[in-house]
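An overview of the molecular structure
In case you want the letters, here they are:
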Amino acid sequence: MTRIDFYILPESAGPADSPVITACRLCEKAVGAGLRIYAHVDDRTTAEGFDGALWSFRQGGFIAHERYDGQTIEAPLPPVLIGSAEPPDTHHDVLVNLGAEVPDFFSRFERVLEIVAGDAAQRAASRAHYKFYRDRGYELNTFEQSADGGWTRRSTQ
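The structure displayed is predicted, hence computed values, not measured ones.

Its location among the elements puts R108 in the loop between strand 5 (94-97) and strand 6 (111-116). The residues touching R108, leaving out its near neighbours within four places in the chain, are E86 and H92. A distance of 2.5 Å separates polar atoms of two side chains, one belonging to R108 and the other to E86.

The two faces of strand 5 match: V94 and V96 on one face and L95 and N97 on the other face are all buried. Sheet topology places strand 2 (residues 37-40) next to strand 5; four bridges connect them, and they run parallel. Across the sheet, residue H40 finds its bridge partner in strand 5, namely N97. By the bridge criterion, four bridges tie strand 5 to strand 6 in an arrangement that is parallel. The residue bridging L95 from the neighbouring strand is V112, located in strand 6.

This paragraph deals with the packing of aromatic side chains. For the structure shown, the criterion picks out 13 aromatic pairs. Ring centres of Y38 and F105 lie 6.0 Å apart, and the angle between their planes is 75°; this geometry places the pair in the edge-to-face category. Of this pair, Y38 sits in strand 2 while F105 is found in the loop between strand 5 and strand 6, placing the two residues 67 residues apart along the sequence. No difference in accessibility class separates Y38 from F105, as the two residues are buried. Seen in terms of ring centroids, Y133 and Y138 are 6.5 Å apart; in terms of plane orientation they differ by 80°. Their pairing is edge-to-face. Comparing Y133 with Y138 shows no difference in burial state: the two are buried.

Before going further, it helps to spend a moment on the pairing of strand 1 (residues 3-8). Of all the six residues making up strand 1, five are buried; the element is thus mostly covered by neighbouring parts of the structure. With six bridges joining them, strand 1 and strand 6 adopt parallel strand pairing. Residue pairing across strands places Y7 opposite I115, the latter belonging to strand 6.

Rules behind the numbers
Residues numbered from 1 in each chain as written. Predicted model: local features only at pLDDT ≥ 70, side-chain atom pairs only at ≥ 80, totals over all residues. Heavy atoms only, no water. Helix = DSSP H or I, 4+ residues; strand = E, 2+ residues; numbered from the N terminus. Contact = heavy atoms within 4.5 Å. Polar contact = N/O pair within 3.5 Å; in protein donor to acceptor, adjacent residues only side chain to side chain. Buried < 20%, exposed > 50% of the residue type's maximum accessible area, 1.4 Å probe, protein only. Pairing = 2+ DSSP bridges. Phe/Tyr/Trp six-rings, centres within 6.5 Å; stacked < 30°, edge-to-face > 60°.

Structure (structure tokens):
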């Protein structure tokens, strides 16, 4: 069964701890573990922002990625794909949900990562996501960002 992890950013999070930069860090960790990631976005603007961040968030490095629009792309595929279409069968390890809704295909993944920004509107949307997963019996984990930038598990269901 899919494991769902919520990463809660502090209310005072600055640009260095934005949801997009946090998603980049989580992707970096997953890629380092040999996993394939699909970053689900709602629109072209978010896709462009995440694409640019993957190139520049870490000085002197980047995470190999490509935008995916549902069309066939040539092998070898990079470890991270960004898109709003259903992901290809090659990328079902980790779903980073940067979209406003839970995508219909989320249950095909081993893990889903939901990043919760500090503002009230984002937190309300994330509570709706949490309830959606909980009501369907998924394993839920919540992590809060600590002062040193690490993550502390807050609760486990």
